[in-house]
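Listed here are the chains, written in short residue letters.
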Amino acid sequence: PFYRYNIAERQVYFSAYHIAPAHVPDYVHGLNRYRPEVITGYAFSQAVLARMMLQQRLALDYVPRAAITSSEKLTAEMRGIIFRAWGCRAYQEYGSVENCCLATECEFGGLHVSPDFGILEIVDDDGYPVPAGVEGRVLCTGLLNDTQLFIRYDIGDVAAWSTGTCPCGRDHLPLLQELTGRVEDAVIGSDGRELVRFHGVFVNLPHVMMGQVVQISTTEYLVRVVAESGFGESEIQEIRRRFSERLGDVKVHVETSSDLERTPNGKVKAVINRCSDRAGH
């Protein structure tokens, strides 16, 4: 199966790397078997699974309390697909693996920052605060991670403070108006899978500073790497092995570069899809 159950914490984990039309019945079986009250994970992965369930006319035999999405922007289209497939509302959550900021969506749709978790600033190119309604770079100072302290950490996202208040009345929590970061393309597998979040192929490679995945076709990829001295064949082969784990028999070209392709706002896109069957979000 494409899921595993964690008895100690009563959690069921589903693979984000195997959501393909042929595998969807197994995902549905796992959800109906364990009936999780809250479904949480990558926004895109949840939306893809929900869409494939609708296409195959597969349904849950219960209604979850909520879907909580992370890692990518939750669009109105994604919300609609999740609601039609699962019958529950999707809520957006904004955070980071560094545990230095957190914002969560309330029942009225407001995205509220939790200042006890971390201090979130929105600044201009010179590092000064921008007024409400104006987009700027997100800086985070974590308050809970006592292992590695991040102070005014430039997380690479773009956001804006709200110009109004939220009907929920939680005025003590700063309110975000717009969050435009973390929008990237999806990779399309030869079996119809659609995947995001490819940062795992670069984990624990000591000479890789930054990496970027470019899909050329469903069976061919270019991996750009900003590398330190010492990067060589062993790490290249490890990158290829990790691709084969996720996507099967594919061709992977690895090239080193002094920098990576960036968006107009200066952010590196982790995944760029240039094949004819392009998918993005």
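Whatever comes next refers back to the structure up there.
These lines cover the structure that appears in this document, whether it is placed above or below. (Residues numbered from 1 in each chain as written. Predicted model: local features only at pLDDT ≥ 70, side-chain atom pairs only at ≥ 80, totals over all residues. Heavy atoms only, no water.)

## Brief notes about helix α2 (residues 43-55)
Here α2 spans 18 Å end to end across 13 residues, near enough to the 18 Å set by a 1.5 Å rise per residue. Burial analysis of α2 places 10 of its 13 residues in the buried class, the great majority of the element. Along α2, the residues that are buried comprise Ala-43, Phe-44, Ser-45, Gln-46, Ala-47, Val-48, Leu-49, Ala-50, Met-52 and Met-53. Along its buried surface, α2 packs onto α1 (24-34), β3 (38-42), β4 (66-70), α3 (76-86), β12 (185-188) and β13 (194-195). One or two steps after α2, the chain reaches Arg-57, where phi turns positive at roughly 55°. (Helix = DSSP H or I, 4+ residues; strand = E, 2+ residues; numbered from the N terminus. Expected span 1.5 Å × (residues − 1). Buried < 20%, exposed > 50% of the residue type's maximum accessible area, 1.4 Å probe, protein only. Contact = heavy atoms within 4.5 Å.)

## Digging into the nonpolar core
Counting 26 residues, the largest nonpolar core has Leu-49, Met-53, Leu-60 and Trp-86 as the members making the most contacts within it. At the level of elements, α1, α2 and α3 are the ones that each hand at least two residues to this core. Per-element accounting of this core gives the leading share, eight residues, to α2. With 21 residues, the next largest nonpolar core counts Tyr-17, Val-208, Val-225 and Phe-243 among its residues. (Core = buried A, V, L, I, M, F, W, Y, C linked by side-chain atoms within 4.5 Å.)

## Remarks on the sheet that holds strand β17 (residues 271-273)
By definition, the strands of a sheet pair up through backbone hydrogen bonds, in either a parallel or an antiparallel sense. The strand order across the open sheet formed by four strands is β16-β15-β14-β17, and the pairing between neighbours is mixed. The sheet is open, and its two edges are formed by β16 (251-256) and β17, each paired on a single side. Neighbour to neighbour, the strand axes of the sheet diverge by 20° on average, direction disregarded. Contacting β14 (208-217), β15 (220-227) and β16, helix α4 (residues 233-247) crosses the sheet at an angle of about 145° to β16. (Pairing = 2+ DSSP bridges. Axes fitted to C-alpha atoms, helices over the stretch in contact; angles between N-to-C directions.)

## What to know about unusual backbone geometry
The backbone of Arg-35 sits at a positive phi, close to 50°, despite the residue not being glycine. For Arg-152, which is not glycine, the phi dihedral falls at a positive 50°. Topologically, Arg-152 is positioned in the loop between β9 (136-142) and β10 (153-161). Judged by its relative accessible area of 39%, Arg-152 is partly exposed.

## Observations concerning the pattern of salt bridges
Taken as a whole and assessed by the stated rule, the structure comprises 14 salt bridges. A salt bridge links Arg-89 to Glu-105; its shortest N-O distance comes to 3.1 Å. On the criterion of sequence distance, the pair formed by Arg-89 in the loop between α3 and β5 (90-95) and Glu-105 in strand β6 (residues 102-105) is long-range, its members being 16 residues apart. Notably, a salt bridge pairs Glu-261 with Arg-224, separated by 3.5 Å at the nearest N-O pair. Note that Glu-261 is positioned in the loop between β16 and β17 and Arg-224 in strand β15, a separation of 37 residues in sequence. (Salt bridge = Lys/Arg side-chain N within 4 Å of Asp/Glu carboxyl O.)

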